[in-house]
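Descriptive analysis of the structure
What follows is each chain in one-letter form.
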Amino acid sequence: MLEIRDLVAGYGGVPVLRGVSLDVRAGEIVAVLGANGAGKTTLNRAISGLIRPDGGSIGFEGRALAGLSAPDIVALGLVHVPEGRKIFPNMSVRENLELGSYRRAKANRAANLERVFAIFPRLKERTGQSAGTLSGGEQQMLAIGRGLMAEPKLLIMDEPSLGLSPLLVEEMFALVARIAADGLAVMLVEQNVVQSLDLAARAYVLENGAIAMAGAAGTLKRDPTLMTTYLGL
Ligand code: ATP
């Protein structure tokens, strides 16, 4: 579904990603792990069309993404839930969710809103509240809910557990499993290694802008060098 080959990308001609290749297949949960500064955010930005790659290729369902704008990419069903809860703080919960269907699935907006409320009942209780006054965990739910409004085929989630309390982290991973059970593919970009490997079928470890390890999540989980060598844990 997502095919990345020899991707080179960075800022101002300085490469951060130095030849990354990875795949996400239909219906699969794939984890991308990496320490701070490994290049995870840069990878997400390149896939989402927010920065232009300097080399290599990104394909989605057999179509090259080169030259497409970020909204064009969303329209194809490749939807990115950004890190840092990038919601619109002065707009209501409902308005934020509705923005998610601006480029895709507009006709199904009402049904999808109900679907999102079924997954996140907390958001339903707060439809009229300004998003900026939600708790951190609720803002994270809102960001994910907004992504789901576009009926993604592939959802890229940038550190959904970042900044959450341990209990909420558990809840967040359970929610990701539930969302993925509906059949969409998920690329989970995370620093929370153990829980990501429990959830994902396969994983890639990004180190210094290159893939240092890749394989079945169960195998990687048993690898003694993974945490110490590549993740600096
Ligand atoms: P973290 O987990 O800390 O967010 P990351 O794996 O997402 O890290 P990136 O944000 O992709 O890492 O950053 C990788 C490298 O690219 C870092 O060395 C960073 O300083 C650099 N970088 C990121 N954004 C820019 C930018 N806009 N201009 C220049 N360099 C950047």
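What you see as residue numbers is a count from 1 along each chain, following the sequence as written. Restriction of local features to residues with pLDDT of at least 70 applies here, the model being predicted, together with a cutoff of 80 or more for giving and counting side-chain atom pairs; totals for whole chains, interfaces and linings are based on all residues. Values shown for side chains rest on all heavy atoms present in the structure; no hydrogens or waters enter the calculation.

Within the largest apolar cluster, 45 residues are counted, with the highest numbers of intra-cluster contacts made by Phe120 and Leu148. Any two residues having at least one pair of non-hydrogen atoms within 4.5 Å are treated as being in contact. Leave out the neighbours within four places in its chain, and Phe120 touches Met141, Ile144, Gly145, Leu148, Leu175 and Ile179. Judged by nonpolar contacts, the second largest core, of 29 residues, contains Val20, Ala46, Ile58 and Phe60. Grouping buried Ala, Val, Leu, Ile, Met, Phe, Trp, Tyr and Cys residues that are joined through side-chain atoms within 4.5 Å yields what is termed a nonpolar core. When a residue's accessible area, from a 1.4 Å probe over protein chains only, is under 20% of the maximum for its type it is buried; when over 50% it is exposed; and in between it is partly exposed.

Our next topic: the environment of Gly37. Note on conventions: DSSP H or I runs of at least 4 residues are helices, E runs of at least 2 residues are strands, and numbering of each starts at the N terminus. By the element assignment, Gly37 lies in the loop between strand S3 (29-33) and helix H1 (40-48). Separated by 171 residues in sequence, Gly37 and Asn208 have C-alpha atoms that sit 7.4 Å apart.

Taken as a whole, the largest pocket holds about 700 Å³ of empty space. Residue assignment for the lining of the largest pocket shows that the elements contributing at least two residues are H1, helix H2 (70-75), strand S6 (78-81) and helix H6 (136-148). Polar here means any residue outside two lists: the nonpolar Ala, Val, Leu, Ile, Met, Phe, Trp, Tyr, Cys and Pro, and the charged Asp, Glu, Lys and Arg; Gly therefore counts as polar. In terms of residue class, the lining of the largest pocket is made up of 14 nonpolar, 5 polar and 6 charged. Only protein atoms enter the 1 Å grid used here. Points where a 1.4 Å probe fits but cannot escape make up a cavity, open sets with protein on both sides within 12 Å along at least five of seven lines make up a pocket, and a residue lines them when an atom lies within 4 Å of a point. Grid points are joined across faces, edges and corners, and a volume is the space filled by probe spheres set on the points. Here the second largest pocket is characterised by a volume of approximately 220 Å³. Lining the second largest pocket are 15 residues, and of these Ala46, Pro53, Leu65, Ala66 and Gly67 sit closest to its centre. The set of elements that each furnish at least two residues to the lining of the second largest pocket consists of H1 and strand S4 (55-60).

Note on terminology: near, applied to a residue and a molecule or strand, indicates that one of the residue's heavy atoms is within 4 Å of it. Neighbouring the ligand are 13 residues; Asn36, Gly37, Lys40, Thr41 and Thr42 lie closest to it. Contact distances for the ligand include 2.8 Å between an oxygen atom and a side-chain N or O atom of Asn36. In the analysis that follows, any N or O atom pair within 3.5 Å is treated as a polar contact, provided that within protein one partner can donate a hydrogen and the other can accept it, and provided that, for residues neighboring in sequence, both atoms belong to side chains. With respect to the ligand, the backbone of Gly39 contributes an N or O atom lying 2.9 Å from an oxygen atom. Element by element, the count of residues in the shell around the ligand is highest for H1, at 4 residues. Partitioning the shell around the ligand into residue classes produces 4 nonpolar, 6 polar and 3 charged.

Residue-level confidence of the predictor, termed pLDDT, takes values from 0 up to 100. The pLDDT averaged across the protein works out to 92; a share of 98% of its residues lies at or above 70. With pTM at 0.91, the complex prediction returns an ipTM value of 0.92.

On to H1, then. Judged by how many residues are buried, H1 sits mostly within the fold: 7 of 9 residues are covered. Within two residues after H1, Gly49 carries a phi angle of roughly 85°, on the positive side.

Since there are 3.6 residues in each turn of an α-helix, residues three or four apart along the chain are aligned in direction. Spanning 13 residues, H6 covers 19 Å between terminal C-alpha atoms, matching the ideal 18 Å at 1.5 Å per step. Across the 13 residues that make up H6, a large majority, 12, are buried. Within H6, the full set of buried residues consists of Gly137, Glu138, Gln139, Gln140, Met141, Leu142, Ala143, Ile144, Gly145, Arg146, Gly147 and Leu148. In this fold, the buried residues of H6 make contact with S6, helix H3 (93-99), helix H4 (109-119), helix H5 (121-124), strand S7 (154-158) and helix H7 (166-180). Multiplying one less than the number of residues by 1.5 Å gives the expected span of a helix.

Turning our attention to the environment of Gly67. Along the chain, the position of Gly67 falls in the loop between strand S5 (63-64) and H2. Judged by relative accessible area, which is 56%, Gly67 ranks as exposed. Along the chain, Gly67 and Pro53 lie 14 residues apart, while their C-alpha atoms are 9.6 Å from each other.

What follows concerns unusual backbone geometry. In this structure, Asp6 is a non-glycine residue whose phi angle is positive, near 50°. Its place among the elements puts Asp6 in strand S1 (residues 2-11). The phi dihedral of Glu61 is positive, around 50°, even though this residue is not glycine. Note that Glu61 resides in the loop between S4 and S5.

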